[in-house]
Amino acid sequence: MLEITSIRRMATLAATTVLLLGAAAASAAEVRIGLDSPADKQKSGSYVFAAAMADALKAAGWQVKEMPVNSIGGEAERLDQASQGLLEINMADLGQAGKLNKLIFGYRLPYLFESLAHLDRATKASSMLGKVNDGLKGKGIRVVALVPVGGGMGIFNTKRPVISPADVEGMRIRALDESQLQLFKAWGANGVVITMPEVANALQTGIADGYVNPPFVPFLFGHTDILKYYTTANVGLPLRIAMVSSDWYGGLKPAEKKAVDDAVAKGEAANRDWVKTSDAAAIDQLLKAGIKVDSLTAAGRARFEELSRSIYDTLLPPDQVKLFVDAAARAR
């Protein structure tokens, strides 16, 4: 009888050990966040989002590992890893999702959204982001947040002050992709696609004369000694995205999904707080670095808007353009 009891106790102990080991394994599951910028909360709105999301996940009991920018590959490699379920969370260029569903380029339509608050209202009150994710089904990723890295994009260059489109005629402006090439052509400038690590050399050698970006970018990438002029043109919102592996996210339990969703909300809140003061602080630093800062004239801005909107239907099909234009109009 004692022997049977002993065996039962041993069996119970073994079962308990298995359960404890299983729980430990579950709690030890590592979530990786692929970063797309240096881990600098002062200069990078993307990292502000990622760090706040990571802190929220850690507080909920997750183990989180931040993967430094380019440590597991560039934008294309991180997209591949996320779509294959090898990277759980990826901070990315909006254009990466655009490779899988071009509808997301509606967020890049120049001079469409007047401010970040306007974009957030339009997104919340419409089906835009839902339709983007509908088009990503079966492609391995899901966009969980739009991540602005500034309050507006201006025009940097090495040549001259820009206050109207006439001032950029003939300039070679670094472009992210085909959509920006079309935009710069409409302005009367020439676009050239260059990856960010190559931009400094391109500016120094005259391959490019400038780029369109939020005002903090020269500090992140060491361009303040090369660039001479900046114009607060507010061409559009400098958006990046947070994406998750859809296989990973879809396999989470309801409580785990809620923890991830709550962490995304924390990331968005921290990012929006950062954006409120980021441009003013960056412009102050530009002036201290000796970069001349200008604004568009009223006539110059009106002309930039007119030229930019003339190419909307070359960037997206008319029905997709209408989805974003209507949403923006209703949210004004």
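Right above here is the structure, for reference.
The sections below set out a description of the structure shown in this document. (Residues numbered from 1 in each chain as written. Predicted model: local features only at pLDDT ≥ 70, side-chain atom pairs only at ≥ 80, totals over all residues. Heavy atoms only, no water.)

1. Description of the overall build of the protein chain
Looking only at helices and strands, one finds 14 helices and 11 strands in the protein chain. C-alpha atoms of the protein chain, sized along the principal axes, occupy 100 × 45 × 30 Å. Residues classed as buried in the protein chain amount to 50% of the 332 residues present. For the protein chain, the accessible area works out to roughly 15500 Å², and carbon and sulfur atoms hold 55% of it. Side chains of the protein chain carry 38 positive and 35 negative charges; the gap between the two charge centres is 3 Å. (Helix = DSSP H or I, 4+ residues; strand = E, 2+ residues; numbered from the N terminus. Buried < 20%, exposed > 50% of the residue type's maximum accessible area, 1.4 Å probe, protein only. Areas by Shrake-Rupley, 256 points an atom, 1.4 Å probe, with all protein chains shown as cover. Lys, Arg positive; Asp, Glu negative; His and termini not counted. Charge placed at Lys NZ, Arg CZ, Asp CG, Glu CD.)

2. Focus on the packing of helix H7 (residues 178-187) against helix H12 (residues 298-309)
Any two packed helices are characterised by the angle at which their axes cross and by the distance between the axes. As a packed pair, H7 and H12 sit with axes 9 Å apart at the nearest point and diverge in direction by 130 degrees. The angle between H7 and H12 places the two elements in the oblique class. Relative to H12, H7 is oriented so that their crossing is right-handed. Along its contact with H7, which presents Leu183, Ala186 and Trp187, the element H12 presents Phe304, Leu307 and Ser308. (Axes fitted to C-alpha atoms, helices over the stretch in contact; angles between N-to-C directions. Parallel < 35°, antiparallel > 145°, perpendicular 65-115°, else oblique. Left-handed = near helix turned anticlockwise from the far one by under 90°. Contact = heavy atoms within 4.5 Å.)

3. Points about the pattern of salt bridges
Applying the stated criterion across every chain yields a total of 17 salt bridges. Residue Asp262 is joined to Lys258 by a salt bridge in which the shortest nitrogen-to-oxygen separation is 2.8 Å. Here Asp262 and its partner Lys258 are both found in helix H11 (residues 254-288), four residues apart, which amounts to about one turn of the helix. A relative accessible area of 52% places Lys258 in the exposed class. Among the charged side chains, a network of salt bridges with common partners joins Asp36, Glu75, Arg78 and Arg240. (Salt bridge = Lys/Arg side-chain N within 4 Å of Asp/Glu carboxyl O.)

4. Quick word on the environment of Ala281
Mapped onto the elements, Ala281 comes out in helix H11. Assessed through its relative accessible area of 44%, Ala281 is described here as partly exposed.

5. Concerning the nonpolar core
Core analysis: the biggest nonpolar cluster contains 76 residues, and Tyr107, Phe113, Trp187 and Ile241 have the highest contact counts within it. The element best represented in this core is H11, accounting for five residues. When near neighbours in sequence (up to four residues on either side) are disregarded, Ile241 contacts Asn90, Met91, Ala92, Asp93, Leu94, Ala97, Ile104, Val143, Ala145, Leu146 and Val147. In terms of nonpolar packing, the next biggest core, distinct from the first, is built from 27 residues, Val64, Ala242, Tyr249 and Val260 among them. (Core = buried A, V, L, I, M, F, W, Y, C linked by side-chain atoms within 4.5 Å.)

6. Comments concerning unusual backbone geometry
In this model, Tyr111 sits at a positive phi of 55 degrees, which is unusual for a non-glycine residue. With respect to the helices and strands, Tyr111 occurs in the loop between helix H4 (94-98) and helix H5 (116-124). Judged by relative accessible area, which is 4%, Tyr111 ranks as buried. The phi angle at Asn234 is positive, at roughly 50 degrees, despite the residue not being glycine. Summarising the element assignment, Asn234 is placed in the loop between strand S9 (229-231) and strand S10 (239-245). Accessibility expressed as a relative area gives 40% for Asn234, which makes it partly exposed.

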